[in-house]
Amino acid sequence: MSSINSFAVIAQTDPRAGYLAQRADIDAAITRVLEGGSYILGGEVEAFEAAFAQFIGVPYAVGCASGTDAIELALRAANVGAGDLVFTVSHTAVATVAAIERAGAGAVLVDVEPGTYTMAPDELARALKAVASGRPAAVLPVHIYGQPADLSPLAEIARARGLQLIEDCAQSHGAVYHGRLTGSFGDIGCFSFYPTKNLGALGDGGMVVTKDPALAAALREIREYGWRERYVSARPGTNSRLDAMQAAVLRVKLAALTAGNARRRAIAERYDAGLAGLPLALPARRPGTGHVFHQYVIRLAERDALRASLREAGIGTGIHYPVPVHCQPAYIGRLVSGPSGLGITERAASQILSLPIYPQLPDEAVDRVIAGIRTFFR
Ligand SMILES: *Cc1c(COP(=O)(O)O)cnc(C)c1O
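Thresholds applied
Residues numbered from 1 in each chain as written. Predicted model: local features only at pLDDT ≥ 70, side-chain atom pairs only at ≥ 80, totals over all residues. Heavy atoms only, no water. Buried < 20%, exposed > 50% of the residue type's maximum accessible area, 1.4 Å probe, protein only. Helix = DSSP H or I, 4+ residues; strand = E, 2+ residues; numbered from the N terminus. Pairing = 2+ DSSP bridges. Contact = heavy atoms within 4.5 Å. Axes fitted to C-alpha atoms, helices over the stretch in contact; angles between N-to-C directions. Domains from an automatic or database assignment. Buried area = accessible area lost by both parts, 1.4 Å probe. Salt bridge = Lys/Arg side-chain N within 4 Å of Asp/Glu carboxyl O. Left-handed = near helix turned anticlockwise from the far one by under 90°. Nonpolar A, V, L, I, M, F, W, Y, C, P; charged D, E, K, R; others polar. Phe/Tyr/Trp six-rings, centres within 6.5 Å; stacked < 30°, edge-to-face > 60°. Near = heavy atom within 4 Å. Polar contact = N/O pair within 3.5 Å; in protein donor to acceptor, adjacent residues only side chain to side chain. Areas by Shrake-Rupley, 256 points an atom, 1.4 Å probe, with all protein chains shown as cover. Patch = residues over 30% accessible without salt bridge, like charges linked within 9 Å, V, L, I, M, F, W, Y side chains within 5 Å. Arc of directions from axis to C-beta.

1. Digging into the pairing of strand β9 (residues 206–210)
Every regular strand shows the same layout, with side chains that alternate between the two sheet faces.
Step number 1: Counting buried positions over the 5 residues of β9 gives 5, a clear majority of the element.
Step number 2: Residues G206, V208 and T210 point to one face of β9 and M207 and V209 to the other, with burial holding for every one of them.
Step number 3: Bridge count for strand β1 (residues 60–64) against β9 is 5 bridges, and the pairing is antiparallel. Residue pairing across strands places A61 opposite V209, the latter belonging to β9.
Step number 4: Strand direction decides the pairing type here: strand β8 (residues 188–192) and β9, joined by 5 bridges, are antiparallel. Bridge assignment links G189 to a residue of β9, and that residue is V209.

Set out below in C-alpha cells:
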C-alpha cells in the first residue's frame with residue numbers, strides 16, 4: 001500500500017499543511033514578533049511590504065486587513081465612489097462586489113469568457129456603450145483560479161475611456177501575463193492573504209500594490225484613519241491595518257511561493273494527463289500567461305453526481321462559486337449587468353468543480369482523485 005492509503009480523506013485544500021511545511025521558520029518569526037512587543041504595522045509590515053513589492057515588480061505595496069479591504073482602499077485611493085460605476089464580473093467571490101459597494105460605487109457586472117472564466121473584453125466594451133446612468137470610473141477584472149484575465153484588451157478599453165484598471169489578484173499571487181506579474185499591469189493590484197490563497201496568512205490580511213507614489217500615499221493614509229501624521233487626519237479614513245505577526249509569517253511564506261506555484265502547476269499537469277479523454281472540460285490555459293492554479297476547475301453537466309461520488313470515496317471538492325453574485329439574495333435584482341446578460345456565468349456556476357490542489361498534496365493523492373473520477377465514468 002502507498003503512504004496515502006485508500007481510506008485517508010483527501011481535503012480540497014489544507015492550509016495546515018502549508019504551516020507544517022515551514023513550521024520552524026514560522027514559529028521563529030512569531031516568537032520574534034511576540035518578543036518584539038510591536039504588534040500592528042511597524043518594521044515587520046514594512047519589511048513584508050518591501051519584499052512583496054519587489055516580488056510583484058512595483059515600487060509600492062501597502063498592507064491592509066483583508067483582500068476585501070484591499071479593493072475598497074484601492075477604489076477610495078483612486079477617488080472612485082458615489083455616482084461612479086465599476087465594471088467587474090459576477091463569476092467571483094462576493095467580496096469583489098461587496099468592496100465596490102463599500103467604496104460607495106455601483107457595480108456593473110460583465111459576462112466572462114467561456115474557457116477561462118475571466119472578464120470578456122468584448123462584453124466590457126458592450127457594457128460601456130450601454131451605460132444609461134452613472135459615471136464609468138474603473139474596470140476591475142478578477143484573475144479567477146490563478147489565470148490572468150486578458151489584460152491587454154481590457155487595459156486598452158479602459159485607457160480609451162479614461163478608466164482606472166484595478167486588478168483583483170486575490171487568487172493570482174505570482175501569475176504572469178505577457179511577462180508581467182498580475183498586480184503590476186494595471187493602475188492598482190489587490191491581494192488577499194486569506195489562509196487558503198496561494199500566499200496565505202494564519203488569519204486575515206491583504207495588500208494593495210501600485211506604481212504611483214500618490215496612490216501609495218493615499219492608501220497609507222486611508223488604512224489608518226486618514227492620518228498623514230499621527231492623530232491628524234488629512235482625509236476620511238478607516239482602520240484596515242496589517243498585523244505584525246501576519247506580516248512576519250507572510251514574509252516566511254513568500255519565500256516558498258514560487259516553489260508552491262510550480263508544484264500547483266505540476267499537479268495541474270498530472271490531472272490534465274490523468275483525466276484526458278473523459279467527457280468533461282479540463283481547465284483552459286490562456287497563451288502567453290503563467291497560470292498559478294489557485295484552483296483546478298473541471299466542468300461537466302453531471303457535476304453534482306460526480307461530487308457525491310467523490311465524497312463517498314473520501315475526496316473533498318469545492319465549487320467556486322455555486323451562486324453568481326447577481327443571484328445572491330443580498331444582490332438579486334439590484335445590480336446592473338451588461339447588455340448580453342450573464343448567461344455564461346450562470347451556466348458555469350452549475351457545472352464547475354474544483355479538485356483538490358495545494359502544494360503539499362502528494363502525487364498518490366492526485367492519482368486517487370483521478371481514479372475516483374475515472375471510476376465514476378466507468
Ligand atoms: C478571497 C477573495 C477576495 C477577498 O479576500 P478576503 O481576504 O477574504 O477579504 C476577493 N476576491 C477574490 C477573487 C477572492 O478570491
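Continuing now.
2. Considerations on the sheet that holds strand β3 (residues 106–110)
Step number 1: If you walk across this open sheet you meet the 8 strands as β1-β9-β8-β5-β4-β2-β3-β14, and the pairing is mixed. Single-partner strands in this sheet number two, and they are β1 and β14 (336–337).
Step number 2: As paired strands, strand β4 (residues 135–139) and strand β5 (residues 164–168) are joined by 2 bridges and run parallel to one another. Note that in β5 the partner of A138 across the bridge is Q164.
Step number 3: Sheet contacts for helix α4 (residues 67–77): β1, β2 (84–89), β4, β5, β8 and β9; angle to β8, the most-contacted strand, approximately 160°.
Step number 4: Packed onto the sheet, helix α6 (residues 121–129) meets β2, β3 and β4 and runs at close to 135° relative to β3.

3. Some points on the domain arrangement of the chain
Step number 1: Examined at the domain level, the chain breaks down into domain 1 (21–254) and domain 2 (257–377).
Step number 2: Here domain 1 and domain 2 have C-alpha centroids that lie 24 Å from each other.
Step number 3: Counting residues at the interface gives 47 residues for domain 1 and 39 residues for domain 2.
Step number 4: Interface of domain 1 and domain 2: buried area, both sides summed, is about 3,500 Å²; carbon and sulfur atoms make up 55% of it.
Step number 5: Inspection of the region where domain 1 meets domain 2 yields 3 salt bridges.

4. Things to note about the packing of α4 against helix α5 (residues 94–102)
Step number 1: Direction vectors running N to C along α4 and α5 enclose 35°, while the axes themselves pass 8 Å from each other. Considering only the axes of α4 and α5, their crossing is right-handed. Residue-level inspection shows T68, I71, E72 and L75 of α4 in contact with α5, the latter providing A95, T96, A99, I100 and R102.
Step number 2: Grouping the constituent residues of the contact of α4 with α5 by class yields 5 nonpolar, 2 polar and 2 charged.

5. Things to note about unusual backbone geometry
Step number 1: Cis rather than trans, the peptide bond between H320 and Y321 has omega equal to 10°.
Step number 2: Relative to the assigned elements, Y321 resides in the loop between α11 (303–312) and β14.
Step number 3: For Y117, which is not glycine, the phi torsion reads 65° and is therefore positive.
Step number 4: The exposure class assigned to Y117 is buried, which follows from its relative accessible area of 7%.

6. Observations regarding the packing of aromatic side chains
Step number 1: Using the criterion set out here, one finds 12 aromatic pairs in the structure.
Step number 2: A centroid spacing of 5.8 Å and a plane angle of 75° characterise the contact between Y117 and Y145, whose relative ring orientation is edge-to-face. On the criterion of sequence distance, the pair formed by Y117 in the loop between β3 and α6 and Y145 in the loop between β4 and α7 (151–160) is long-range, its members being 28 residues apart. Grouping residues by exposure puts Y117 and Y145 together as buried.
Step number 3: Taken together, a centroid distance of 5.0 Å and an interplanar angle of 70° make the contact between Y225 and W227 edge-to-face.
Step number 4: Exposure remark for W227: the relative accessible area of 15% places this residue in the buried category.
Step number 5: Taken together, the aromatic side chains of F48, F52, F55, F191 and F193 make up a single cluster linked through ring pairs.

7. Description of the site of the ligand
Step number 1: For the ligand, the set of nearby residues contains 14 residues, the closest of which are G67, T68, D168, S192 and K197.
Step number 2: Between the ligand and T68, the relevant distance is 2.5 Å, taken from an oxygen atom to a side-chain nitrogen or oxygen of the residue.
Step number 3: Protein chains bury 90% of the 380 Å² of accessible surface belonging to the ligand in isolation.
Step number 4: For the shell around the ligand, the secondary structure elements donating two or more residues are α4 and α5.
Step number 5: Residues of the shell around the ligand, tallied by class, amount to 5 nonpolar, 7 polar and 2 charged.

8. Some details on a nonpolar patch on the surface
Step number 1: A cluster of nonpolar side chains, contributed by L34, Y39 and I40, occupies part of the molecular surface with about 280 Å² of accessible area.
Step number 2: Examined against the element boundaries, L34 turns out to sit in helix α2 (residues 23–36).

9. Describing the environment of G42
Step number 1: Considering the arrangement of structural elements, one finds G42 in helix α3 (residues 42–56).
Step number 2: For G42, a relative accessible area of 25% translates into the label partly exposed.
Step number 3: Along the primary structure G42 and L242 are separated by 200 residues, whereas in three dimensions their C-alpha atoms are 9.5 Å apart.

10. Observations concerning α6
Step number 1: Among the residues making up α6, those that are buried are P121, E123, L124, A127 and L128. Down the axis of α6, the sector holding all buried residues measures 155°, keeping them to one side.
Step number 2: On its buried side, α6 packs onto β2, β3, β4 and α7.

11. Quick word on the sheet that holds strand β12 (residues 289–290)
Step number 1: Pairing is antiparallel across the open sheet formed by 3 strands, whose spatial order is β7-β6-β12. Each edge of the open sheet is held by one strand with a lone partner, namely β7 (180–181) and β12.

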